[in-house]
Each structure stands twice: as C-alpha cells, then as structure tokens.
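Coordinate inspection notes
Okay, here's what each chain looks like letter by letter:
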Amino acid sequence: MKSEARNPKPEVANATREVNLSVQIGGMRMQNPVTVASGTFGYGVEYAQLLDLNQLGAVVVKGIRLGPVRGNPTPRTVEVASGLINAIGLQGPGVDGFIKKYWPFLKELKVPTIINIWGTTVEEYAEVARRFDELGGVGALELNVSCPNIKEGGAQFGTDCKLLSQVVSACRKATRLPLITKMSPNVVSIAPYAKAAEEGGSDALAVTNSYPAMAIDIETRRPRLANITGGLTGPCIKPIAIKLVWEAAKAVKIPIIGMGGIQNSADAIEFMMAGATAVAVGTANFYEPQTALQVLAGLRDFLQRQGLTDVRQLVGSVRVEKV
Amino acid sequence: MLPPTMVEESVRIISNERATDLYFRLVVQSPRIAPLVQPGQFAHLRILPLREALLRRPFSIFRVEGYTFSILYKAVGKGTELLSRMRPDDELNAIGPLGHGFTVPPAGGEMPLLVAGGYGMAAMYLLAQRSPQRGIVFVGGRRRVDILCEDEFRALGWDVRATTEDGSHGEKGLVTQPLIAELKRGTAGRKLFACGPTPMLKAVSRIAEEFNVPAELSMDEHMCCGVGVCLTCVIPISTGDGWEYQRTCTEGPVFDSRLIAWEATA
C-alpha cells in the first residue's frame, strides 16, 4: 500500500545482523516468523510475480486431500464490514495433481513449504501425511481439522477432542515431518483441544481458522453464499483470534502460529505478545499481496526501536496481572 | 527469467470524468502495467477510501495510450461510487494486467464479429484496435445511455450496429437480433467475440453453436483476489467426460464458448 513499506529502507536491511528473526516450529526452522494462511496464497506460484516468496518465513498451500475436489457452487465469497465470508469447499487437485502441477515450483524455493492436508476419515489424513512424508523436502504438514465449509471432514475432527486426538496420533505415526494442527475457533474453550493436539504428537498449533458466519441479500432474501453459510475471516476476527491464541498458549508448551485478520506489523506483534511464535497473513493477501513483507519490515523496525535482539522476546510478553 | 505478465503499482489518476449519466471514464498513469496489456485483460484496483470494504475491484481495460490505460465504469455500488469521486492526481493501487484475454485474429484470418452488452464494449476496444481485419460491432443496451464509445469504434473504421430495448437508439430489440441476421448472410471465416451480461453470453453461445461459428466469451463472475488464489470466480468448464471449476481471473475471463458447461451454471 505505502511505497515506503514495500521498499524497506537500507538501514533496516542491515539490521538483520543485529536482530534474530528466526524461529523454530518443531523440526522446521523459519528464517523469520511471518508466513501465510492456507487457502489465501494458492500454491505460492500465483504470487511469484508480485513478491519474493523467498523472503517469507514459509509458504503455506491450500488444503489437499487424497483425490481432487471440485469445491462448492458459486457465489463462494462475500465481502462484509472489515471481513470476508468464504465457502470455497476446499477445491483442489488432490495429492497426485499437486505433486505434478505445483511441487516442481515449490521444491525449488529456499523457504520451507507447509502443506495443509485434510481427509474425511482418520485413515485418509494418515495416508495423505504418509504420501507427503514419502515425497521428501516438505517443511511441515498442517492438519486442517477446522474447515467449516465441507460436510464431511474438516471441523468435525477439530471440535471433538477424541477424534482430534485420533487424527493427530494417526498422522504422527505416518510421518516424521513437523505437524501443525490448525485449530477450530468454534469451541467453548480451546484449552482441551490444544492439549489433545499436543498429546497426540502435534509439534505446533495454528490458531485459528475462520468463524462460521452468514450474510443475506435483503432485496432477494437469499443467502449471499450458495453454501448458505461460510467462514468469516479478515480484520473483524482479529480480537477474537488474539484471545484464542492467548488461551491456547497458556494450555500448551508447543509453539503457536497465530492468524486471523493480520493487516500490518502491529497486528502481528499483538499475536506474538499473546503467545504466538509465528504469524500468518491470510485474507489481506487477497487485497494487498505485499502484506506479509510489510509485516516483516515493520516487525524488524519495532524490535530495533524497542532495543530487542531476538523476535522470540516478544512471544507471550503480554503483561497480565495475576488475579 | 521470463518477463513479468503482471505487476502491482501505484497509479496516478489523470482524469476521471462522467462519460454519460451513468458511466465514468477513468484514465491513469501506469508506466508498468499499460505496456503489458492484451485485449480482454483487466486491472484489479484498490480504492483506498473504501476502508472497511477491503477487496479490490476488477475492471476491464478499455484503452491503452502510451503509459496510460483507461477503464469505463458505472457508479453502481460502494466501490464505484467512491471511485467516481476521486480526482486527478489521486492515487490508486493497481495489479494488472490480469487474466487470459481475447485471441487477436491473425492477418488474413477470421473476420471478427463483436457482441457487446452495455459497457461490455469497453473490454473489446483493444481487440478491435489490434485486429488486422476490421469487423462489425453489435452493441446493445436497455436505453440510449447504456450505449457507449460507438464513435471510438467507428473511428477505427468498424461498422457499429446498435440496438436498444426501448428503441431510443439504433434498432429496437436485443443485440442478438442483428447478429443472427448477419450470420444468416454468411458464416464462413467469421468469429464471434462477446462481452456483457451472462444471459447475453449464453444466447451468443447458443447462436455460435447453431451457426457453427467459433466464439470467445468474456465471462463475468464475482471476483475476489484476481490472481488465482482464492477460487471465488470459478465457472464450470467441460473436461470431456464431465466438468471442473476454472478461474475467471486466470484461465479466463475469456473462454472458448464450446468449453463452458452451461448446464452446470446457476
């Protein structure tokens, strides 16, 4: 948006020597904590002409299951105040289609690729995990147990502690790749789910996915989405996501990737202070593809201004008085 | 490394004037995007005064002159309403040129017959300008004010045939009527190119099939990211044994009419 943020000043670039930005997610090292949210970045290649993907902490691809998925009928998205409701329905090429069409590009990147996977059964999740383990060169797997837009699979696993634990353990047995469990926000308390994922062998949590939502066209009296309901994302969900990160961070020891409405570095810093080790830019990619790099530049500036030497000093640094 | 096909740049408004009661013509200085534009492509504009309405708005590129491009738009919603109030020297952020456009006929190739509904005309100017063969433009609208830029097509030496539903300009009726009359006179070496509302495109598709002439249609589907990642703007495209959703912003907006699986559209 602002040309200044898009072209970081030279002194900021030099500062990389003084400030450590790298973070660790399980066995995966990220050169900086800024990544993107699954489903908002395609398979990376679509944005390759608009930004340097190798400057990101990692690239996260759209959800993939074993076979190809056609997705939901249109309209699939609707813009609402400070947000977007989507019901895409996880359209995708399946494991083989992905490997053929997108992996040749992704495997050449200098930064890790995180592959978001899903299934309709515990066995399918495990099988997809096994296939990507076999592939070699994958940075990490993100288990999508929280998509609200599909009838089977997705959120049904993320809102039932027992099923969640089964999915995570089955994937844990199928691969040595770092596992990130993408948590559903649609629970009364996130703590038991976060613990179930940790105990099942997840190396990290992604907090959070979209919120179930709906919009109606008052002239036609019809829902604005063909799927009737969808998942709400964008800046309007940020404060809710911050609270979930804070609660999850108190419940587990594994790192958290925070996401939900990040538009700038201040938003990202807020997530880190709430307890996130890394952050992901989501809906903002749709309207400003430079957002993740702007967040990174702003984060570096903030650390310098605060006299901090390591980005990890921000993690969970919110000051909360004990009651 | 391949040269870029799309770029993001801050573009400065040169002019933004009312063309008719309903339509505006915006011209922007865009040194990086303008030279790349192919007929039928679009620009994705971020209108910053929109604030809480976050998304970019896609606009077909109308004309390209030097390092400028222009669009024609109707002030219908929040985005276009605010855009219409922007002034010269104001800035917009643009990503473009985007999408797969029209196939410009080769020299000595097909004679193009363009079919436009309202400001669908705008998306076809570059095609008319860059086509080695002059052709005919059939343009239709509800009323006289819906018919735009006729003179600019005539200035290119094209035959323009207008229709309005209320008869206030040109022939009274639908744009497909003079098209059918023309095709009855002969179809050899002719190709249809269309841009306009979906029912019109569907009718053109049927006519193309009936007369067995090739047709390229610029499809209009609600769009979000514009670059192929969000999968909002999909339409059903035949795959031989069935159909799959393809992206209007990337595989389209222009599709061969024979590939569109109309039976699967809403």
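Residue numbers here run from 1 along each chain, matching the order of that chain's written sequence. Note on labels: chains are lettered from A, ligands numbered from 1, in written order. Reporting in this predicted model follows two pLDDT cut-offs: at least 70 for local features of residues, and 80 or more for side-chain atom pairs to be given and counted; totals over whole chains, interfaces and linings ignore these cut-offs and use all residues. Neither water nor hydrogens contribute to the side-chain values; these are computed over all heavy atoms in the structure.

Quick word on helix α12 (residues 291–305) of chain A
Residue and element names in this part refer to chain A.
- The end-to-end C-alpha distance of α12 is 21 Å, a good match for the 21 Å that 15 residues give at a rise of 1.5 Å each.
- With twelve of 15 residues buried, α12 is to be regarded as a mostly interior element.
- Within α12 the residues assigned to the buried category are Thr291, Ala292, Leu293, Gln294, Val295, Leu296, Ala297, Gly298, Leu299, Arg300, Phe302 and Leu303.
- A run of DSSP states H or I qualifies as a helix once it reaches four residues; a run of E qualifies as a strand once it reaches two. Both are numbered from the N-terminal end. The positive-phi residue at the C-terminal boundary of α12 is glycine 307, with phi of around 70 degrees. One fewer than the residue count of a helix, multiplied by 1.5 Å, yields its expected span. Each residue is assigned to one of three classes by its accessible area relative to the maximum for its type, calculated with a 1.4 Å probe on protein chains only: buried under 20%, partly exposed between the two thresholds, exposed over 50%.

So, the sheet that holds strand β2 (residues 23–29) of chain B
Residues and elements named next belong to chain B.
- Between any two strands, at least two bridges found by DSSP are needed for them to pair. As summarised here, the arrangement of the seven strands in space is β4-β3-β7-β1-β2-β6-β5, forming an open sheet in which the pairing is antiparallel. Lying at the two open borders of the sheet, with one neighbouring strand each, are β4 (57–60) and β5 (64–65).
- Note: strand β3 (residues 42–46) against strand β7 (residues 91–98), four bridges, orientation antiparallel. Across the sheet, the residue bridging to arginine 46 is asparagine 93, located in β7.

Some details on the nonpolar core
- Nine residue types can take part in a nonpolar core, namely buried Ala, Val, Leu, Ile, Met, Phe, Trp, Tyr and Cys, and a core is a set of them joined through side-chain atoms within 4.5 Å. Of all hydrophobic cores here, the largest spans 127 residues; its most connected members are Tyr47(A), Phe98(A), Ile115(A), Phe132(A) and Leu205(A).
- Shared between two domains, this core holds at least three residues of each, these being domain 1 (7–98) and domain 2 (111–264) of chain B.
- Ignoring sequence-local partners within four residues, the contact set of Phe132(A) consists of Ile64(A), Val95(A), Phe98(A), Ile99(A), Ile115(A), Ile117(A), Val138(A), Leu141(A) and Leu177(A).
- Core analysis: the next-biggest nonpolar cluster, separate from the first, contains 26 residues, Leu72(B), Ala116(B), Trp158(B) and Val160(B) among them. Reported domain spans reflect what an automatic or database domain assignment gives. Every residue pair with non-hydrogen atoms within 4.5 Å of one another is taken to be in contact.

Some thoughts on empty space enclosed by the protein
All names here are of chain A.
- Grid points spaced at 1 Å over the protein atoms alone were grouped into cavities, where a 1.4 Å probe fits but cannot get out, and pockets, open sets with protein on both sides within 12 Å along at least five of seven lines, with lining residues defined by an atom within 4 Å of a point. Grid points are joined across faces, edges and corners, and a volume is the space filled by probe spheres set on the points. Applying the stated criterion to the full structure yields two cavities of 30 Å³ or more.
- By volume, the largest cavity amounts to about 440 Å³.
- Of all the elements in the fold, those that place two or more residues in the lining of the largest cavity are β4 (59–64) and β6 (83–86).
- Under the convention adopted here, Pro, Cys and the residues Ala, Val, Leu, Ile, Met, Phe, Trp and Tyr are nonpolar, Asp, Glu, Lys and Arg are charged, and Gly plus all remaining residues are polar. Taken together, the residues that form the lining of the largest cavity break down as twelve nonpolar, 19 polar and two charged.
- Taken as a whole, the second largest cavity holds about 40 Å³ of empty space.
- Lining the second largest cavity are Thr35, Val36, Ala37, Ser38, Val60, Ile114, Glu142, Lys182, Ile257, Met259 and Ala280.
- Among the elements of the structure, β3 (34–36) and β15 (256–259) are those that each provide at least two residues to the lining of the second largest cavity.
- Partitioned by chemical class, the residues of the lining of the second largest cavity number seven nonpolar, two polar and two charged.

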